[in-house]
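Architecture and fold: a report
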Amino acid sequence: MGRFIGKRLFGIIPTLFGLILLIFLLSRIMPGDSVRLALGPEATPEQIVAMEEKLGLNNPIPIQFINYIRGLFTGDMGMSLRTGRNVLLDIKETFPATFELSLISMIISVAVGVPLGILSAIKNNNWADHLIRIFSLSGIALPRFWLAILLQLVFSYWLGVFPVIGRGTIEVANITGLRIIDSLITGNIAGLSDSLLHILLPALSLSMATAAQIMRMTRTNMLDQVNKDYVLAAESYGLPENLVYKRYMLKNAFISVLTTIGMQFGSLIGNAFLVETVFGWPGMAQYAIQGIMYKDYNAITGVTLIIGFFFVIINVIVDLLYGLFDPRIKLES
Amino acid sequence: MKKIIKLMLVCVSTSLLLVGCGGEDKNSDKGSSTPGLNRPFVYVAQQVVGSIDPAKVIDETEIIAAVNLYDPLFYPDVENEKMDPVEHLAKSYEVSEDGLVYTINLRDDVKFHSNNPFTADDVLFTMERMLSIGQGNSWLWNNVLTIDNVKKLDDYTVEFKLNNAYAPFISSLTQFFIVDSKLLKENEENGDFGQKYLDSKDAGSGPYMLAKWDREAQLDYKAFDGYWGGWKDNQFKDVQMKIITEEATVKTLLISGQADMVHQWLNFSNYSEFEKNDKLVVQKDPSAKLQHIPMNMQKAPTDDINVRKAIAQAFDYKAATKDILSDSVQAVGPVPIIVTGHNNQVEVIDQDVEKAKEYLAASKYSGDSLKVEFMFLGDNPESRQYGQLLKDSLSKIGIDVKLLPSTWPQMTEAATTVEKTPNLMLISDTLKYPHVDSHTYGIYHPSAQGSFRSTSWYNNEETTVVLDEARKQTDETQQLELYKKAQQIISEDIPSIYVANPTHNIAYADYVDGYIFVGVMGYDIAFYHLSMK
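These numbers were taken from a predicted model, which means no experiment stands behind them.

1. Section: the overall build of chain A
Each helix and strand counted, chain A has 13 helices and zero strands in total. Taken over the C-alpha atoms alone, chain A extends approximately 85 × 55 × 40 Å along its principal axes. Per-residue burial for chain A yields a buried fraction of 53% across its 333 residues. At a minimum sequence separation of 6, the contacts of chain A that also span at least 24 residues come to 73%. Within the structure as shown, chain A displays about 15,200 Å² of accessible surface, and the carbon and sulfur contribution to it stands at 68%. Within chain A, the 22 negative side-chain charges are centred at a point lying 8 Å from the centre of the 24 positive side-chain charges.

2. Observations regarding the UniProt feature "domain: Solute-binding protein family" (unreviewed entry) in chain B
The sites that UniProt annotates as "domain: Solute-binding protein family" (unreviewed entry) are residues 85-449 of chain B. Helix and strand shares over residues 85-449 of chain B are 27% and 23% respectively, and the end C-alpha atoms of the span are 27 Å apart.

3. A short note on the environment of Asp 510 of chain B
Residue and element names in this part refer to chain B. Its location among the elements puts Asp 510 in the loop between strand S20 (503-509) and strand S21 (512-513). Between the C-alpha atom of Asp 510 and that of Ser 451, which follows or precedes it by 59 residues, the distance is 41 Å. Those residues in contact with Asp 510 that sit more than four places away from it in its chain are Asp 278, Lys 279, Leu 280, Val 281 and Lys 533.

4. What to know about the sheet that holds strand S16 (residues 399-406) of chain B
What holds strands together in a sheet is hydrogen bonding between their backbones, with the strands either parallel or antiparallel. Residues and elements named next belong to chain B. Reading across from one edge, S16-S15-S17 is the order of the three strands in this open sheet, with parallel pairing throughout. Each edge of the open sheet is held by one strand with a lone partner, namely S16 and strand S17 (424-425). Sheet topology places strand S15 (residues 370-377) next to S16; eight bridges connect them, and they run parallel. Within S16, the residue paired with Lys 371 across the bridge is Asp 400.

5. Some remarks on the UniProt feature "transmembrane region" (unreviewed entry) in chain A
Residue and element names in this part refer to chain A. Taking the UniProt record as the reference, the feature "transmembrane region" (unreviewed entry) is found at residues 9-30, 101-122, 134-159, 196-215, 253-279 and 299-325. The span residues 253-279 is 96% helical and 0% strand by assignment, and the distance between its end C-alpha atoms comes to 36 Å. With 100% helix and 0% strand, the stretch residues 299-325 has end C-alpha atoms that lie 39 Å from each other.

6. With respect to the packing of aromatic side chains
Counted according to the given criterion, the structure contains 34 aromatic pairs over all chains. Residues Phe 95 of chain A and Phe 99 of chain A carry aromatic rings whose centres are separated by 5.8 Å and whose planes lie at 25° to one another, so their mutual orientation is stacked. A residue pair is termed a helical-turn pair when its members lie 3 or 4 positions apart in one helix, as Phe 95 of chain A and Phe 99 of chain A do in helix H5 (residues 87-122) at four residues. The structure contains a cluster of three or more aromatic residues connected by ring pairs, namely Phe 41, Tyr 43, Tyr 208, Tyr 221, Tyr 227, Trp 228, Trp 231, Phe 236, Phe 527 and Tyr 528 of chain B. Over the face of the ring belonging to Tyr 297 of chain A we find Arg 28 of chain A, whose NZ or CZ atom lies 4.6 Å from the ring centre.

7. Quick word on unusual backbone geometry
Residues and elements named next belong to chain B. The residue after Ala 300, namely Pro 301, is reached through a cis peptide bond having omega 0°. Checked against the element boundaries, Pro 301 lands in the loop between strand S13 (289-294) and helix H9 (305-314). Its identity as a non-glycine residue notwithstanding, Asn 115 has a phi of 80°, on the positive side. Its place among the elements puts Asn 115 in the loop between strand S5 (101-106) and helix H3 (120-133).

8. Things to note about the domain arrangement of chain B
Residues and elements named next belong to chain B. On domain assignment, one finds that chain B holds domain 1 (1-69 + 207-285 + 504-533), domain 2 (71-205) and domain 3 (289-501). Both faces combined, the contact of domain 1 with domain 2 buries some 2,700 Å², and carbon together with sulfur accounts for 62% of it. There are one salt bridge connecting domain 1 and domain 2. Residues Arg 129 and Asp 53 are paired through a salt bridge, measuring 2.8 Å at the closest nitrogen-oxygen approach.

9. A closer look at the side chain of Gln 135 of chain B
By secondary structure assignment, the location of Gln 135 of chain B is in the loop between H3 and helix H4 (139-142). Once you skip the residues sitting within four places of it in the chain, Gln 135 of chain B turns out to touch Leu 39, Gln 47, Met 51 and Lys 54 of chain A together with Ala 55, Lys 56 and Met 130 of chain B.

10. Remarks on the interface of chain B and chain A
Frequently, the measure chosen for interface size is the accessible area removed from exposure when the parts meet. Facing 49 residues of chain B, the contacting portion of chain A comprises 55 residues. Applying the counting rule to chain B against chain A returns three salt bridges. The interface formed by chain B and chain A contains three residue pairs in polar contact (both at pLDDT 80 or more). When its residues are assigned to classes, the side of chain B that touches chain A shows 17 nonpolar, 18 polar and 14 charged.

11. As for the environment of Phe 160 of chain B
All names here are of chain B. Within the fold, Phe 160 resides in strand S7 (residues 157-161). The spacing of Phe 160 and Ile 104 is 56 residues in sequence and 8.1 Å in space, taken between C-alpha atoms. Sequence-distant contacts of Phe 160, that is, excluding residues within four places in its chain, are made with Leu 73, Leu 100, Val 101, Tyr 102, Ile 104, Val 123, Met 127, Leu 145, Asn 149, Val 150 and Phe 169.

12. What to know about H9 of chain B
Residues and elements named next belong to chain B. Burial analysis of H9 places eight of its 10 residues in the buried class, which makes it a mostly covered element. Residues of H9 that are buried in the fold lie against helix H10 (317-324), helix H11 (353-362), S15, helix H12 (381-395), S16 and strand S19 (496-501). Residue Asp 304 occupies the N-cap position of H9, its side-chain oxygen lying 2.7 Å from the main-chain nitrogen of Asn 306.

13. Topic: helix H8 (residues 268-275) of chain B
All names here are of chain B. Those residues of H8 lying buried are Phe 268, Asn 270, Tyr 271 and Phe 274. Looking down the long axis of H8, one finds its buried residues gathered within 155° of arc, a one-sided arrangement. If you follow the buried residues of H8, they end up packed against helix H7 (247-255), strand S11 (261-262), strand S12 (280-286), H10, H12 and S20.

14. Here's the deal with the nonpolar core
Core analysis: the biggest nonpolar cluster contains 111 residues, and Leu 73, Trp 141, Phe 160 and Phe 527 of chain B have the highest contact counts within it. In terms of residue count, the dominant contributor to this core is H3 of chain B (seven residues). Those residues in contact with Trp 141 of chain B, other than ones at most four positions away along the chain, are Met 127, Met 130, Leu 131, Tyr 166, Phe 169, Ser 172, Leu 173, Gln 175 and Phe 176 of chain B. Listed in part, the 71 residues of the second largest apolar core include Ile 104, Met 208, Val 275 and Met 284 of chain A.

15. Some details on the packing of helix H15 (residues 461-472) of chain B against helix H16 (residues 476-492) of chain B
Geometrically, a packed helix pair is captured by the angle between its two axes and the distance between the axes. Residues and elements named next belong to chain B. The N-to-C vectors of H15 and H16 enclose an angle of 160°; their axes lie 8 Å apart at closest approach. With respect to each other, H15 and H16 are oriented roughly antiparallel. At the point where H15 passes H16, the crossing takes the left-handed sense. Residues Glu 462, Thr 463, Val 466, Leu 467, Glu 469, Ala 470 and Arg 471 of H15 pack against Gln 479, Leu 482, Tyr 483, Lys 485, Ala 486, Ile 489 and Ile 490 of H16. Taken together, the residues of the contact of H15 with H16 sort by class into eight nonpolar, two polar and four charged.

Basis of the calculations
Residues numbered from 1 in each chain as written. Chains lettered and ligands numbered in written order. Predicted model: local features only at pLDDT ≥ 70, side-chain atom pairs only at ≥ 80, totals over all residues. Heavy atoms only, no water. Helix = DSSP H or I, 4+ residues; strand = E, 2+ residues; numbered from the N terminus. Buried < 20%, exposed > 50% of the residue type's maximum accessible area, 1.4 Å probe, protein only. Contact = heavy atoms within 4.5 Å. Areas by Shrake-Rupley, 256 points an atom, 1.4 Å probe, with all protein chains shown as cover. Lys, Arg positive; Asp, Glu negative; His and termini not counted. Charge placed at Lys NZ, Arg CZ, Asp CG, Glu CD. UniProt positions renumbered as here; feature names shortened; annotations may be inferred. Pairing = 2+ DSSP bridges. Phe/Tyr/Trp six-rings, centres within 6.5 Å; stacked < 30°, edge-to-face > 60°. Lys NZ or Arg CZ within 6 Å of the ring centre and 35° of its normal. Domains from an automatic or database assignment. Buried area = accessible area lost by both parts, 1.4 Å probe. Salt bridge = Lys/Arg side-chain N within 4 Å of Asp/Glu carboxyl O. Polar contact = N/O pair within 3.5 Å; in protein donor to acceptor, adjacent residues only side chain to side chain. Nonpolar A, V, L, I, M, F, W, Y, C, P; charged D, E, K, R; others polar. Arc of directions from axis to C-beta. Core = buried A, V, L, I, M, F, W, Y, C linked by side-chain atoms within 4.5 Å. Axes fitted to C-alpha atoms, helices over the stretch in contact; angles between N-to-C directions. Parallel < 35°, antiparallel > 145°, perpendicular 65-115°, else oblique. Left-handed = near helix turned anticlockwise from the far one by under 90°.

Okay, structure coming up:
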């Protein structure tokens, strides 16, 4: 097991290196003079040259790349042209909000998607199945930002039960950066409820499509299992239906669902941007959007790197979880 | 399966219970010491604040932060609803006859948020810091001042000796926000002039102190009790500036009463919708902004004045000002009409297709099949409408328009050389300092070339001489006459299609009093001037 984890973690390095190289090059060949943008239209040529020297942009691109990689080892992701700070500092401030939103969305997606998928498979082709499939199709088809605006309009503006924007208004001690976890750790019930109140609509908007994907995958895989011999055998032994579904069928069907969950979790962090914009969620969205608009090289590379890093890490975790559901998968091999 | 459903119900009920026991009204998230408002005053801005360091501020939201946290030496004349500068931290000033030496007397009753007193040392330090860091608005003084030429005559008098005459010097000091030199020197790291300290704190004497800054979402201000201007009961003591980019969310916040004022950059249709709501006020003012289409005068075919005249004459100004810009005022030359020194005698061109055809026939390209490139911001709906309008207008005189929807970085890059600059570009140019010089010298003097402001690559020796002369002139009347003369010459050269001075819209709740728009970027969002009715 240890060897497997080590091997997988070692395998991350070339993936991340490739990602950094790609984003680094792309951000630098994008048209536009970022230094001039950052310094303003009236910046003198001397000011522009001075700033380029400060950022090392006067060096050839390969040297810039080596310096960037070297900086990463010391926690220096380069200076943001817009904020004038180390990009790592900026990301450290904004990433927890995005991560918390993605995490809660994933919990909702699994909590809704898996049971509904099972129910849909069990009630195959009756009205409940059709209803769930309509829900699933809508979840995939409706754009997240549209759903976000709709939920905001209904629940925040018309009904007034949820706040329109923000992450919370009650002060919560900052321990992990995740407000829900921090308020649980500190026993701050008011902070916890305030955080839940704020996160519910953004998380629902973000989770709909993911829940639908998980549901469809669960349904399809459960249906694949229905006619398998072991299910017939279990049923003929008189095992309770519930036990057959949960202990035998779901366990076998869950491998592909797990892959979907892993893939979706990585993309949730990226998809969170649209929802964050609608709900004024103080995550990485604004930082990334402004970074792109200002052609802030280091900010663009930093954000992409963090998203890519989590994508890869989540995939490693999913690989490890495969063994739990299917002992035939020998991690050592 | 029933168990799963039961479990889901339990989870949902627990969440709802927790949510329910949060029990705090969304409008009372924080106390407020303003009678009649049970929460802080909320202003919604459109752009993230990158820096609150007054040596680096450049965008609207950053300048709003500076205006509220800091005091400049001079301030637009808000009381008289004019943009012209009046003394603020300065008490009075004198100018030498040659226009090179400015002696400024300072107020002696000002304290910084740290309780350090404001003195001439702070002015010297601020200018040294500004010129050394070389960012933000430092370009305003780069070519006219060296730090050795700024002298302290006594604790409350400073002397600025300019390298060359600079008529808008006092106006430029509206962008000169004074920092607390003692505090920053105490917090200096490796000679950084306190840059690291100002990454997350303020060092000003302005009406508000920085209470909290959540970089990507919100900036909170708290009234500075020791402010030299004093406070009235109905002013807003706690203010939140929230950053929201999604228009639908901005609308919801204002209409639902969770915001008190929203920014000027929404789509025009939103303000029309707000106007129908009797609890909201939409204030419309002609802005100090010029929306124009500069024509590259050094690139064919717009290098020919007759082609430029033909294009300007063929353009549909009515559709642009009424339909695209929702009843804005047509521009009269390069200087916005609300700016002191604007020349209202400049010829205003209206659409006349026949006349346009005549100009085209008189050009050196007569008989040629003409094609021009038009660059604009591709993600802006109004800019896209401009593209269609221009294409339609010029097709009537046989000129084909190639549309180049672009990003802002692409546009600034294109402005750097004559070759990269397309024939036509759509530019919105806000006044950089409250002086006519901004839209004359700042756009049409050869020294301004290479930025997005000067994509016509205008170069007329006569205009240059007049503009240089205007900067040297210390008599205000004669100075303004020279700037007017420059506007006349520039307009006759047709370097641009002068489209409009777009209407400045802003919407706020009907209980908000004191909003005044004077045209200088960021100064209308000085929360100190606002109060409850």
